[in-house]
Amino acid sequence: ITSAVAFDILPLKLHPFSQSTPTGLDCVGWKRRISSPVITDGALDKTALTDDVGSEEDLYEDFRSSNHRYGHPGGGGEQLAINELISDGSVVYAEALWDHVTMDDQELGFKAGDVIEVMDATNKEWWWGRILDSEGWFPASFVRLRVNQDEPMEDYPLKVEGGKEDDSSSGTRRFGMGQTTKDQMRTNVINEILSTERDYIKHLKDICEGYIKQCRKRADMFTEEQLKTIFGNIEDIYRCQKKFVKSLEKKFNKDHPHLSEVGSCFLEYQTEFQIYSEYCNNHPNACMELSRLTKVNKYVYFFEACRLLQKMIDISLDGFLLTPVQKICKYPLQLAELLKYTNPQHRDFKDVEAALNAMKNVARLINERKRRLENIDKIAQWQSSIEDWEGEDVLVRSSELIYSGELTKISHPQAKSQQRMFFLFDHQLVCCKKDLLRRDILYYKSRINVDDMEIVDVEDGKDKDFNISVKNAFKLHCRDTEEVHLFCAKKPEQKQRWLKAFENERRQVQLDQETGFSITEVQKKQAMLNASKQHHSGKPKAVTRPYYDFLMRQKHPTLPTTLPQQQVFMLAEPKRKPSNFWQNISRLTPFRK
């Protein structure tokens, strides 16, 4: 498809909606056709790098004053090519790398693996798309374009009867020298897997040699602990991926690519790919540390100098550090497309099928963690909206709101009943009271530690503990202290939802223990600090998602030609239009499943 489009001659039209979210690396699956000079395999320019790197400003100025142009390969050509295809009447599909959770009615929400019809890619950062009857904007860095765009969505692997393909099927059309269309489709996917893997190795090498190597020379600027926070275990990932790509190349059949058997490579390295979990767990910390450092000009100069010395593409360090997270989420999509064009009798079929399931599990855990990290900002913002809060923050023990709703709480000694709002988090149940006049204002009343409780389903009728008649009731009973809490729902189905929610809470706690999921103290404090700042500013209460925003903010500082050469300023990026979501509905809505 891309070969039919001349990227260099297409005009660039910027969409006014947003320019704050540049496309990430390695998320477009088509083979690039570029005219820009490329340094082979990320080789370092030995003449440019010396042990005495001098000042960051000198490094930046040396390369800024040279005649080289180190822009993004293709100059946004892929987006332009997509729009060219759309304007010609072609349908362009993309697959979601991960969930896009949105609270803006102008944005398109989706889950990892969803297929999106791209309707406008004029803006490099935000695309307009459609899923069924829903349309909206979505971040381009969250999706991967399908390799075989001319293949209908409904086409799946051909049914085989008697070991032979149905000759009447479109899948048996001849393509080239005796090759069926389906074989050619498989060839396209195999080529994409290999080409993107080689590009990825280049990115990893650039990070390790272009950034980490230079940072270690500057002990006056970086401690080893800081470097560990910023780069995580990316050097381990680089070593792993180098072995993986060699394994892929050994299985690649140059003469007949569609006969390549690459499924076994993914199965062989599925255990080693678990090192991505450590990297993804650390990535939010890396974002926050980078955000802190880049508030100081000398670090801005230094990182930009490293990029220019390594002759890396026009994306900042935080954009490069996002690539491993994107990569591990991309593997299931590639394998799913490979399986689609692999006949069941193909020697690679069973291995590809097993590899797809294995990589789905890895990506699912990572995607779930990303969602949970976004949730902690929502929880912190929710707590800041509660009046008369007492005791420790919710985030000290919890990181997920399981369920919320109104219940009648019956207390001893006179069996006094109170209508209250309850919020079930992992490990605790928080009780709040609505304001008598303004029902959207909540007051903190109490909390219950559900780790010590067991849920008891109560039959309709007279309860012996409280000596009253109840309906749609359940109890929380403490095994150690014999403490009992009685709750009544308005309807039977509401009671059942609460019982199910308590089951889900215990399941979530167990899963977190098994997977080792936890929120760091730094992340908790940052979330509460952000919520506190916004609460005291007097602005409308709205969700802030610093990690989510950092995931999508990948531009580096640019140097205006009108400024003196000694000065480098970070240009302010246009901010997205704030959503009216929180002014229109109750603040409780975002937490409901």
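Residues numbered from 1 in each chain as written. Predicted model: local features only at pLDDT ≥ 70, side-chain atom pairs only at ≥ 80, totals over all residues. Heavy atoms only, no water.

**Overview of the sheet that holds strand β4 (residues 134-139)**
Reasoning step 1: Taken together, the five strands give an open sheet; going across it, the order is β4-β3-β2-β1-β5, and neighbouring strands pair in antiparallel fashion. Strand pairing shows two members of the sheet lacking a second neighbour, β4 and β5 (143-145), which therefore form its edges. Across the sheet, the axes of successive neighbouring strands diverge by a mean angle of 45°, strand direction being ignored.
Reasoning step 2: By the bridge criterion, six bridges tie strand β3 (residues 126-131) to β4 in an arrangement that is antiparallel. Within β4, the position partnered with Ile 131 by the bridge is Ser 134.
Reasoning step 3: Sheet strands touched by helix α9 (residues 317-340): β1 (92-96) and β5. Its angle to β5, the strand with the most contacts, is close to 30°. (Pairing = 2+ DSSP bridges. Helix = DSSP H or I, 4+ residues; strand = E, 2+ residues; numbered from the N terminus. Axes fitted to C-alpha atoms, helices over the stretch in contact; angles between N-to-C directions. Contact = heavy atoms within 4.5 Å.)

**Quick look at the packing of helix α7 (residues 275-293) against helix α10 (residues 349-385)**
Reasoning step 1: Put simply, α7 and α10 touch, their axes get as near as 11 Å, and they point 15° apart. Here α7 is positioned roughly parallel relative to α10, judged by the angle of their axes. Along this stretch, α7 crosses α10, giving a crossing that reads as right-handed. Across the interface between the two elements, Tyr 276, Cys 280, Asn 281 and Pro 284 from α7 touch Ile 366, Arg 369 and Leu 373 from α10. (Parallel < 35°, antiparallel > 145°, perpendicular 65-115°, else oblique. Left-handed = near helix turned anticlockwise from the far one by under 90°.)

**Brief notes about the side chain of Lys 495**
Reasoning step 1: With respect to the secondary-structure elements, Lys 495 resides in helix α11 (residues 492-515).
Reasoning step 2: With near-sequence residues (within four places) excluded, Lys 495 lies in contact with Asp 457, Val 458, Asn 472, Ala 473, Phe 474 and Ala 489.

**Here we look at the environment of Leu 317**
Reasoning step 1: Of note, Leu 317 is situated in helix α9.
Reasoning step 2: Residue Leu 317 is classed as buried on the basis of its relative accessible area, which comes to 5%.
Reasoning step 3: Here the alpha-carbon distance between Leu 317 and Leu 290, two residues 27 residues apart in the chain, equals 8.6 Å.
Reasoning step 4: Sequence-distant contacts of Leu 317, defined by excluding residues within four places in its chain, comprise Tyr 211, Ile 230, Phe 231, Leu 290 and Phe 303. (Buried < 20%, exposed > 50% of the residue type's maximum accessible area, 1.4 Å probe, protein only.)

**Let's talk about the pattern of salt bridges**
Reasoning step 1: In the structure shown here, the tally under the stated rule is 31 salt bridges.
Reasoning step 2: We note a salt bridge from Arg 130 to Glu 117, for which the minimum N-O separation is 3.1 Å. Placement of the pair is Arg 130 in strand β3 and Glu 117 in strand β2 (residues 115-120), with a sequence separation of 13 residues.
Reasoning step 3: Accessibility expressed as a relative area gives 26% for Arg 130, which makes it partly exposed.
Reasoning step 4: Of the charged contacts, one joins Arg 397 and Asp 451 as a salt bridge, the two residues approaching to 2.6 Å between their closest N and O atoms. Separated by 54 residues along the polypeptide, Arg 397 in the loop between α10 and β10 (401-411) and Asp 451 in the loop between β13 (442-449) and β14 (453-458) bring together distant segments of the chain.
Reasoning step 5: Put simply, Glu 95, Arg 144, Glu 192, Lys 330 and Glu 337 are held in one network by salt bridges that share partners. (Salt bridge = Lys/Arg side-chain N within 4 Å of Asp/Glu carboxyl O.)

**Observations regarding the packing of aromatic side chains**
The way to describe two aromatic rings as a pair is by their centre distance and the angle between their planes.
Reasoning step 1: Under the definition given, this model contains 25 aromatic pairs.
Reasoning step 2: Judged by centre distance (5.1 Å) and plane angle (75°), the rings of Phe 244 and Phe 273 are edge-to-face. Here Phe 273 lies in the loop between α6 (263-269) and α7 and Phe 244 lies in helix α5 (residues 234-251), a separation of 29 residues in the sequence. Of the two residues examined, Phe 244 and Phe 273, each falls in the buried class.
Reasoning step 3: Centroid distance Trp 382 to Phe 425: 5.4 Å. Interplanar angle 55°. Geometry classified as tilted. Placement of Trp 382 in helix α10 and of Phe 425 in strand β11 (residues 416-425) is noted, with a sequence separation of 43 residues between them. Across this residue pair, the class does not change: Trp 382 and Phe 425 are buried.
Reasoning step 4: Three or more aromatic residues joined by ring pairs make a cluster, and in this case those are Tyr 211, Phe 222, Tyr 299, Phe 302, Phe 303 and Phe 320.
Reasoning step 5: Its end group placed over the ring of Tyr 238, Lys 242 keeps NZ or CZ at 4.5 Å from the ring centre. (Phe/Tyr/Trp six-rings, centres within 6.5 Å; stacked < 30°, edge-to-face > 60°. Lys NZ or Arg CZ within 6 Å of the ring centre and 35° of its normal.)

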